[in-house]
Amino acid sequence: GEGDTASGTDQNTGTATDYSDITDLVIKYAGEMEGVGYGFTYGYTTGNTQIISGAKYNDYEGTMLTGELSYAGFVVQVKSIEQGDSGGLVTTTDDGDEEGFTACAIYGMGNFTVGYCDQHTELKETAVSVKNEMDVKVASIGYDLGGGVNISAAYFSHEESQGTTSDTDADGVFTMLSFGF
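Definitions and cut-offs
- Residues numbered from 1 in each chain as written.
- Predicted model: local features only at pLDDT ≥ 70, side-chain atom pairs only at ≥ 80, totals over all residues.
- Heavy atoms only, no water.
- Phe/Tyr/Trp six-rings, centres within 6.5 Å; stacked < 30°, edge-to-face > 60°.
- Buried < 20%, exposed > 50% of the residue type's maximum accessible area, 1.4 Å probe, protein only.
- Helix = DSSP H or I, 4+ residues; strand = E, 2+ residues; numbered from the N terminus.
- Pairing = 2+ DSSP bridges.
- Axes fitted to C-alpha atoms, helices over the stretch in contact; angles between N-to-C directions.

1. Here's the deal with the packing of aromatic side chains
Alright, step 1. Within the structure shown, the criterion is met by four aromatic pairs.
Alright, step 2. Aromatic side chains Tyr38 and Phe40 sit 6.4 Å apart centroid to centroid with 40° between the ring planes, which places their arrangement in the tilted category.
Alright, step 3. For Phe40, a relative accessible area of 49% corresponds to the partly exposed category.
Alright, step 4. Seen in terms of ring centroids, Phe74 and Tyr107 are 6.5 Å apart; in terms of plane orientation they differ by 45°. Their pairing is tilted.

2. Focus: the pairing of strand β1 (residues 20-33)
Alright, step 1. Taken across its 14 residues, β1 has zero buried, putting it largely on the surface.
Alright, step 2. Note: β1 against strand β2 (residues 36-48), twelve bridges, orientation antiparallel. Residue Leu25 lies in a different strand from β2, and its bridge partner there is Tyr44.
Alright, step 3. Counted between consecutive antiparallel strands, the loop separating β1 from β2 contains two residues, among which Glu34 sits at a positive phi close to 50°.

3. What about the sheet that holds strand β7 (residues 96-109)?
The strands making up a sheet are joined through hydrogen bonds of the backbone, oriented either antiparallel or parallel.
Alright, step 1. As summarised here, the arrangement of the nine strands in space is β1-β2-β5-β6-β7-β8-β9-β10-β11, forming an open sheet in which the pairing is antiparallel. In the strand order of this sheet, the two ends are held by β1 and β11 (165-179), each with one partner. Looking at each pair of strands side by side, their axes are set apart by 10° on average, direction ignored.
Alright, step 2. Pairing analysis gives eleven bridges linking β2 to strand β5 (residues 60-71), with the strands arranged antiparallel. If you follow Gly47 over to β5, its bridge partner there is Tyr60.

See the structure below:
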């Protein structure tokens, strides 16, 4: 019935992750003590999903926690997200458990910046004993040449697996020259 965890409207078009009636709640506390900046953020989001051809999907429910520290041009930020069974079929009980984290650091001094970011997500798929995973790592450097001109370069590594099968294993380098006005 309409009291299930999925919204009560049969759409028959779209996808299970076309959420509607999205509600966000965000609480942030930030400050500075003796030159050390800090911040903590809590976020909670809900949204209704669609019923497609009679199949009911779990509504969206996500929680995110973020912590940040900064000192003398150095910033570290860590995020954690939990999305549970959002968007999965209501009738399946062995899927979902979607969660992830991001850890990033950047250091800037004068015209020079260097940064690193690591992102990891995992999701359990129906009838698969090993979770699907994604790992993305990026290391970058940049230099402000002045007058709105910046040059930067980055190395990235992107790996995805579906159960025990590796779907993506890509590495690359890119450079950028940008002009700002």
